[in-house]
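# A closer look at the structure
Read off the chains here:
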Amino acid sequence: MSAGMTMTEDGNALSPAREQPLLAVAGIHTYYGKSHILHGVSLEVGRGEVVGLLGRNGVGKSTTLKAIAGLVHPSAGEVVFEGRAIGRLASHKVARLGIGYVPEERRIFPLLTVLENLRTGLDRQGVAKAKRAELLDKVYAYFPILAERRNQRGGTLSGGEQQMLAIARAMTLEPKIVLLDEPTEGLMPRMVSQIAEIVGALRDEGVAVLLVEQNVPLTLQASRRIYFIEKGEVRHHAMAAELSVDDPVIHRYLGV
Amino acid sequence: MDIPLDQILVQTLNGIVTGMILALVASGLTLIFGIMEVVNFAHGELLMLGAYVGVVTLALTGDFWVALVSATVLIAIFGALMYVVTLRPLLGRDPLTTILATFGLSLVLQNYALWQFGAVSRKIPEPIVGHFNLFHLDYPWYRVAVALLSGAIIGGFWLFLKRGTWGIWIRATTQDRVMAQAMGIPVPWVLAGVFAIGSGMAAASGVLFGPFGGVDATMGLSWILRAFIVVVVGGMGSLAGSVLAAILISLLEAYASLWVSPSQAVIVSFVVLILTLLLRPTGLFVATPR
């Protein structure tokens with residue numbers, strides 16, 4: 001656990017950090033056309049903290065991530081990253097602040113090679129050539145399969161490999177936080193445990209993760225805190241360590 | 001009916017030359033369509049304006065190549081401005097709005113040219129005047145040079161797309177605009193840049209074609225219709241497809257004009273278009289639909 005996440009003096013472990021959180025979402029509302037999707041979602045993520053976001057399908061988990069990534073602009077409320085309001089910022093500027101987004105559908109660039117996919121994040125202004133090579137080596141060290149397939153088109157990779165590529169691509173931005181939307185969806189068990197390892201590795205490097213998942217055991221194991229979303233609002237908030245897979249709270253917000 | 005071999009060879013050369021210019025016009029169009037799904041009806045007018053910039057620069061400097069470069073650069077800037085002012089606010093809305101906007105722009109630009117330069121066709125003299133002998137026929141070197149130059153511009157552009165950061169940005173944006181932006185690619189700049197490149201290519205083809213057909217306010221129309229056919233036959237948004245389709249259609253028209261008059265030979269391109277739409281609507285040269 002990183003230094004920024006010590007308990008507050010009154011022992012309130014739910015508070016992410018005594019100092020300013022890395023990311024603070026404050027009462028955001030979003031609309032898709034006329035339908036009201038988020039009804040004032042608020043949450044916080046501390047530096048290097050893994051936070052899970054649980055809820056049934058269609059309650060606004062993905063939209064929350066999109067709003068943070070700048071793909072959806074909230075009509076009310078604010079997203080604050082490192083003390084800076086980013087709710088109205090274009091998504092490419094948000095990305096360059098150090099927010100990596102891994103969408104649910106992975107959305108790798110199918111006709112670009114693996115290397116070119118990674119270069120979409122590496123070839124930024126202000127990153128020297130040597131630094132780019134170093135970042136690429138680092139990403140390849142995490143995902144050796146991508147190094148092997150560097151000249152293969154993204155669209156020809158298997159589902160699991162595409163998920164690796166989507167995460168690796170976000171990592172090339174040197175993110176301070178990675179937004180992971182259902183990274184294990186449709187993956188084989190072996191791949192699922194690999195994703196869990198990667199989340200742990202990111203945390204150990206001091207990279208925060210905001211994790212949206214259907215896989216409850218994985219989310220409880222990987223996260224420090226969990227937010228439960230229902231009908232576009234955060235309804236409950238708990239330490240992951242205090243929850244078990246068959247907890248009534250889990251049933252309340254995820255049971256069918 | 002016997003067609004002598006020498007005529008077939010001459011028509012092959014003609015077809016390739018016209019095909020290369022058509023490919024240059026169509027690549028700009030297909031590039032813009034591929035990346036923002038905007039059908040730019042003003043593309044032909046950008047070609048025409050480029051030709052006029054060429055005419056004016058030529059009168060000022062007397063140098064064809066200076067005219068070619070300045071027309072390309074000026075119209076590229078003009079195209080980017082046109083995109084920012086008229087099309088950017090419409091992106092993401094009903095495609096009909098961008099069709100109407102570009103169609104309106106084409107009318108405005110055509111009538112501006114008519115008002116500014118008059119109805120009389122202007123001439124751009126050939127910068128290369130030599131001929132060579134091809135089966136008792138004087139074939140102008142300039143036509144060959146135009147084909148080579150068009151090929152070089154398209155080839156250079158292809159390399160630009162394949163290598164370098166901007167190439168990756170343009171291709172990534174074409175495949176997934178939202179995700180490209182989420183990866184930190186400055187998509188608004190990429191779109192304006194692509195419009196600039198497409199406009200510059202149209203202007204270059206206008207100047208290059210100037211010595212053949214003369215320069216007038218409606219010269220864009222005849223090109224744009226054929227360029228649209230090429231883009232559809234080649235596969236909307238595919239650069240290689242457009243080049244191949246441009247050469248295919250121009251060759252077929254050239255061969256057809258061995259039997260019928262050149263104005264009747266145009267029918268061939270429509271036949272190819274209709275057959276493509278019926279049998280392979282994603283385009284002849286696209287392996288899988290995007």
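Scroll up to find the structure this text is about.
Procedures and definitions
Residues numbered from 1 in each chain as written. Chains lettered and ligands numbered in written order. Predicted model: local features only at pLDDT ≥ 70, side-chain atom pairs only at ≥ 80, totals over all residues. Helix = DSSP H or I, 4+ residues; strand = E, 2+ residues; numbered from the N terminus. Rg over C-alpha atoms; globule rule 2.2 N^0.38 Å. Buried ≥ 20, exposed ≤ 12 C-beta atoms within 10 Å, placed from the backbone. Contact = placed C-beta atoms within 7 Å. Expected span 1.5 Å × (residues − 1). Axes fitted to C-alpha atoms, helices over the stretch in contact; angles between N-to-C directions. Parallel < 35°, antiparallel > 145°, perpendicular 65-115°, else oblique. Left-handed = near helix turned anticlockwise from the far one by under 90°. Nonpolar A, V, L, I, M, F, W, Y, C, P; charged D, E, K, R; others polar. Pairing = 2+ DSSP bridges. Core = buried A, V, L, I, M, F, W, Y, C linked by C-beta atoms within 7 Å. Arc of directions from axis to C-beta.

Looking now at the overall build of chain A. Looking only at helices and strands, chain A features nine helices and 10 strands. Relative to the compact-globule value of 18 Å for 256 residues, chain A shows a C-alpha radius of gyration of 18 Å, a close match. The principal-axis extent of the C-alpha atoms belonging to chain A is close to 50 × 45 × 40 Å. In chain A, which comprises 256 residues, the share counted as buried stands at 46%. Long-range contacts, defined as pairs at least 24 residues apart, comprise 68% of the intrachain contacts of chain A with a sequence gap of at least 6.

The secondary structure content of chain B amounts to 12 helices and two strands. Scaling as 2.2 N^0.38, a compact globule of 290 residues should have a C-alpha radius of gyration of about 19 Å, and chain B matches this with 19 Å. Dimensions of chain B along its principal axes, counting C-alpha atoms only, are 60 × 50 × 35 Å. Partitioning the contacts of chain B with sequence separation of at least 6, the portion at a separation of at least 24 is 75%.

Time to look at helix H2 (residues 43–61) of chain B. Residues and elements named next belong to chain B. For H2, which comprises 19 residues, the first-to-last C-alpha distance of 27 Å matches the rise-based estimate of 27 Å (1.5 Å per residue) to within 8%. Most of H2 sits inside the fold, with 15 of its 19 residues counted as buried. Two residues or fewer after H2 comes Gly62, characterised by a positive phi angle close to 75°.

This part takes up the packing of H2(B) against helix H4 (residues 95–117) of chain B. Residues and elements named next belong to chain B. Orientation of H2 relative to H4, taken along the N-to-C sense of each, is 25°, at an axis distance of 9 Å. Judged on the interaxial angle alone, H4 and H2 are roughly parallel. Like other packed secondary-structure pairs, H2 and H4 cross with a definite hand, here left-handed. Residues Gly44, Glu45, Met48, Leu49 and Tyr52 of H2 lie in contact with H4, whose contacting residues are Ser106, Leu109, Gln110, Ala113 and Phe117. For the contact of H2 with H4, the per-class residue count stands at six nonpolar, three polar and one charged.

Turning next to unusual backbone geometry. Note: most peptide bonds trans; most residues except glycine with negative phi. Residue and element names in this part refer to chain A. Despite not being glycine, Arg107 has its phi angle at roughly 50°, a positive value. Positionally, Arg107 belongs in the loop between strand E6 (99–102) and helix H3 (114–122). In this structure, Glu174 takes a positive phi of about 50° despite not being glycine. Examined against the element boundaries, Glu174 turns out to sit in the loop between helix H6 (159–171) and strand E7 (177–181).

With that out of the way, let us pick up the interface of chain A and chain B. Residue-level contacts link 21 residues of chain A with 16 residues of chain B. Of all elements in the fold, only helix H2 (91–96) and H3 of chain A reach the threshold of two or more residues within the side of chain A that touches chain B. In the side of chain A that touches chain B, the residues fall into 10 nonpolar, four polar and seven charged.

Below, the discussion takes up the sheet that holds strand E5 (residues 84–85) of chain A. The strands making up a sheet are joined through hydrogen bonds of the backbone, oriented either antiparallel or parallel. All names here are of chain A. The strand order across the open sheet built from four strands is E2-E1-E4-E5, with neighbouring strands paired in antiparallel fashion. A strand with exactly one partner marks an edge of an open sheet, and here the two such strands are strand E2 (35–45) and E5. As judged from the eight bridges shared by strand E1 (residues 23–32) and E2, these two strands associate in the antiparallel manner. Each bridged residue has a counterpart across the sheet, and for Ile28 the counterpart in E2 is Val41. Packing against the sheet, helix H1 (residues 61–69) makes contact with E1, E2 and strand E4 (76–81), and its axis sits at approximately 110° to E1.

Residues and elements named next belong to chain B. Pairing analysis gives four bridges linking strand E1 (residues 131–134) to strand E2 (residues 137–140), with the strands arranged antiparallel. Residue pairing across strands places Asn133 opposite Asp138, the latter belonging to E2. Remark: two residues form the turn of the hairpin made by E1 and E2, two consecutive strands paired antiparallel; Phe135 in that turn has positive phi of roughly 50°.

This brings us to the sheet that holds strand E9 (residues 225–230) of chain A. Residues and elements named next belong to chain A. Here we have six strands laid out as an open sheet, ordered E6-E7-E8-E3-E9-E10, and mixed in their pairing. Edge positions in the open sheet fall to E6 and strand E10 (233–239), since each of these has one partner strand only. Ignoring strand direction, the axes of neighbouring strands in this sheet form an average angle of 15°. By the bridge criterion, four bridges tie strand E3 (residues 50–54) to strand E8 (residues 208–212) in an arrangement that is parallel. Bridge pairing in E8 links Leu53 to Val212. Packing of H1 onto the sheet brings it into contact with E3, E6, E7, E8 and E9, and relative to E7 it is tilted by some 150°. Its contacts with the sheet put helix H7 (residues 189–204) on E3, E7 and E8, and the angle it makes with E8 is roughly 150°.

What follows concerns the packing of helix H9 (residues 219–234) of chain B against helix H12 (residues 267–279) of chain B. When two helices pack together, their arrangement is given by the angle between the helix axes and by the axis-to-axis distance. Residue and element names in this part refer to chain B. Packing of H9 against H12 leaves a shortest axis separation of 10 Å and a crossing angle of 35°. In this structure, the crossing between H9 and H12 has a hand that is left-handed. In this structure, H9 uses Arg226, Ile229, Val232 and Val233 to contact H12, whose residues at the interface are Ser269, Val272, Leu273 and Thr276. Of the residues assigned to the contact of H9 with H12, the class counts are five nonpolar, two polar and one charged.

Looking now at the nonpolar core. Judged by nonpolar contacts, the single largest core of 157 residues is most densely connected at A:Ile177, A:Leu179 and A:Val209. Residues within four places of A:Ile177 in sequence aside, it is in contact with A:Leu22, A:Leu23, A:Val45, A:Ile99, A:Val207, A:Ala208, A:Val209 and A:Leu210.

Right, let's get into helix H5 (residues 141–162) of chain B. All names here are of chain B. An ideal rise of 1.5 Å per residue puts 32 Å on 22 residues; H5 measures up with 31 Å between its terminal C-alpha atoms. Turning to H5, its buried residues number three or more, namely Tyr142, Arg143, Val146, Ala147, Ser150, Ile153, Ile154 and Phe157. Seen from one end, H5 has its buried residues packed into an arc of 150°, which puts them on one side. Summarising the geometry of H5, the exposed residues directed more than 90 degrees from the buried face are Leu148, Ala152, Gly155, Gly156, Leu159 and Lys162. Buried residues along H5 sit against helix H1 (5–36), E2, helix H8 (187–213) and helix H10 (239–256). Gly164 sits one or two residues past H5 and shows a positive phi near 80°.

Let us look at the environment of A:Leu89. Residues and elements named next belong to chain A. Inspection of the secondary structure puts Leu89 in the loop between E5 and H2. Along the backbone, Leu89 and Ile68 are 21 residues apart, and their C-alpha atoms lie at a distance of 9.9 Å. Discounting chain neighbours no more than four positions away, the residues touching Leu89 are Gly70 and Val94.

All names here are of chain B. Among the secondary structure elements, Ile32 is positioned in helix H1. In the structure, Ile32 is positioned 204 residues away from Met236 in sequence and 9.9 Å away in space, judged by C-alpha atoms. With residues near it in sequence (within four places) discarded, Ile32 still touches Val38, Asn40, Val194, Phe195 and Gly198.

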